[in-house]
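Topology and contacts: notes
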Amino acid sequence: MADPTGLSPEGGGAGVAEVDACSLEIERTYDIIPTIICSMCCLFGIIYCFFGYRCFKAVMFLSGLMFGSVIIFLLCHKEHVLDTQLSVEASAGIGLGIGLLCGLVTMLVRSVGLFMTGLLLGLLLALAALLVTHQFYTPTTVWVPLGTLLGTGMLFAVLTLQWQKLFTVLSTAVFGAAIMTVCADYFVEMLALANHVYDCLRLTPGPALCWYSWVILGIWPALSLIGVLIQWKLTDGSFSHTEVVISRRQKRVQLMRIREKDAKKRQQAELPTKSARPADGNRHFP
């Protein structure tokens, strides 16, 4: 029997137009503190991407600072510490304090800084691979992305200790480009891309990326390539962080040698006067 109203379960859905999420206008509400932090991170990203190897000590410090601050902030803000939920300001203060200690360690101990630099490169490359793979295949357990991140991070950390200049240039360019990409994602679509990456790591189904999200993501490899070329052109074999350390040691050795020569000259100048005094005494008192 036909439906007198002319509406059927099959035809009901056809009359409702599907709303395309990508065509909706993004509601942007910028807070002062996140905007200032994002702007500062964008500045750090520019330094990283294009002048990372030239500013070797500063990059080592900033790597430890940002890595330690972000990890501690997430732990304090997401988890309950002493059975209390810390505020954002308290979590940021604790994260900044521990991040400063991590930054000093990575700056003063060169091997730790290089290890951290290679670890960041491995984590970012593994993250990019997981993001692309997630479009075609979703793992069944969260240990797959965690194992991929840790394994790739440790691999590139060891490689950075072996080939320091090459992987330091690659790591600073890729990391700086990633920071600028996240900043662009915040100002354009309020961290929609970052949330999608976080959902991929948690294996949580979420909405598909829009075309402008892929455009923002394309900034990452483009800036990485430009950063590597600029850094390689700036250094061009004429600058090395190891040569800076050696030159400082050589200056110290040269200063020590100059001081030793001055001391010997003074001793030689004092010897004739000392020998002349007994001679004069013998003349007056034969």
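Up top is the structure.
Residues numbered from 1 in each chain as written. Predicted model: local features only at pLDDT ≥ 70, side-chain atom pairs only at ≥ 80, totals over all residues. Heavy atoms only, no water.

1. Side note on the packing of aromatic side chains
What counts here: Aromatic contacts are taken between Phe, Tyr and Trp rings whose centres are within 6.5 Å, Trp giving its six-membered ring; a plane angle under 30 degrees counts as stacked, one over 60 as edge-to-face, and the others as tilted. Helix and strand definitions here come from DSSP, where helices need a minimum of 4 consecutive H or I residues and strands a minimum of 2 consecutive E residues; each element is numbered from the N-terminal end. In this scheme, a residue with accessible area under 20% of its type's maximum is buried, one over 50% is exposed, and one in between is partly exposed, where area comes from a 1.4 Å probe on protein chains only. In this analysis the charged atom, NZ for Lys or CZ for Arg, is taken to sit over a ring once it is within 6 Å of the ring centre and within 35 degrees of the ring normal.
Tallying each qualifying case throughout the model produces eight aromatic pairs. Taking the centre distance of 6.0 Å and the plane angle of 45° together, the rings of Tyr 30 and Phe 187 count as tilted. Separated by 157 residues along the polypeptide, Tyr 30 in the loop between helix H1 (9-12) and helix H2 (32-51) and Phe 187 in helix H7 (residues 164-189) bring together distant segments of the chain. What makes Phe 187 partly exposed here is its relative accessible area of 32%. Ring centres of Tyr 186 and Phe 187 lie 5.3 Å apart, and the angle between their planes is 70°; on these two criteria the pair is classed as edge-to-face. The class of Tyr 186 is buried, set by a relative accessible area of 8%. Each member of the aromatic cluster is reached from another via a ring pair, and the members are Tyr 30, Tyr 186 and Phe 187. The ring of Trp 232 is capped by Lys 165, whose NZ or CZ atom sits 5.6 Å from the centre of that ring.

2. Notes on the nonpolar core
Side chains that are nonpolar tend, in soluble globular proteins, to be buried together. The criterion, for reference: To qualify as a nonpolar core, a set must consist of buried Ala, Val, Leu, Ile, Met, Phe, Trp, Tyr and Cys residues joined through side-chain atoms within 4.5 Å.
Tyr 48, Met 66, Leu 124, Phe 175 and Trp 220 are the most contacted members of the largest nonpolar core, which has 35 residues in total. Contributing elements (two or more residues each) for this core: H2, helix H3 (56-78), helix H5 (110-134), H7, helix H8 (192-202) and helix H9 (211-235). The element that contributes the greatest number of residues to this core is H7, accounting for ten residues.

3. Focus on the packing of H5 against H8
For the record, the criterion: The angle between two axes is taken between their N-to-C directions and runs from 0 to 180 degrees, where each axis is a line fitted to C-alpha atoms and a helix contributes only its stretch in contact. Just so you know how the angles are binned, under 35 degrees is roughly parallel, over 145 roughly antiparallel, 65 to 115 roughly perpendicular, and the rest oblique. Any two residues whose heavy atoms approach within 4.5 Å at even a single point are treated as in contact. Just so you know the grouping, Ala, Val, Leu, Ile, Met, Phe, Trp, Tyr, Cys and Pro go in nonpolar, Asp, Glu, Lys and Arg go in charged, and all remaining residues, Gly too, go in polar.
Close contact between H5 and H8 brings their axes to 10 Å; oriented N to C, the two are set at 80°. As summarised for this structure, H5 and H8 are arranged roughly perpendicular, according to the angle between their axes. Within the contact between the two elements, H5 uses Leu 127, Leu 130, Leu 131 and His 134 and H8 uses His 196, Val 197, Cys 200 and Leu 201. Of the residues that constitute the contact of H5 with H8, the class distribution is six nonpolar, two polar and no charged.

4. With respect to the packing of helix H6 (residues 143-162) against H7
Remark: H6 packs on H7, axes separated minimally by 6 Å, with the N-to-C direction vectors making an angle of 130°. If you check the angle between H6 and H7, you find them oblique. Residues Phe 156, Leu 159, Thr 160, Leu 161 and Gln 162 of H6 touch H7, and the partners they reach there are Gln 164, Phe 167 and Thr 168. Broken down by class, the residue content of the contact of H6 with H7 amounts to four nonpolar, four polar and no charged.

5. Re a nonpolar patch on the surface
Worth spelling out the cut-off: Patch membership needs two things, relative accessible area over 30% and no salt bridge, and members are linked within 9 Å if like-charged or within 5 Å if nonpolar (Val, Leu, Ile, Met, Phe, Trp, Tyr). The Shrake-Rupley method, run with a 1.4 Å probe, gives the accessible areas here. Residue values count only the displayed protein chains as cover. Any Lys or Arg side-chain nitrogen found within 4 Å of a carboxyl oxygen on Asp or Glu counts as a salt bridge.
Together, Leu 101, Leu 104, Val 105, Leu 108, Val 109 and Val 112 line one region of the surface with nonpolar side chains, adding up to about 520 Å² of accessible area. For Val 109, the location among the structural elements is in the loop between helix H4 (88-108) and H5. Residue classification places Val 109 among the partly exposed positions, given a relative accessible area of 37%.

6. Notes on unusual backbone geometry
Notably, Leu 191 is not glycine yet its phi reads approximately 65°, a positive angle. Structurally, Leu 191 can be placed in the loop between H7 and H8. Not every positive phi belongs to a glycine, and Leu 203 is a case in point at roughly 60°. Along the chain, the position of Leu 203 falls in the loop between H8 and H9.

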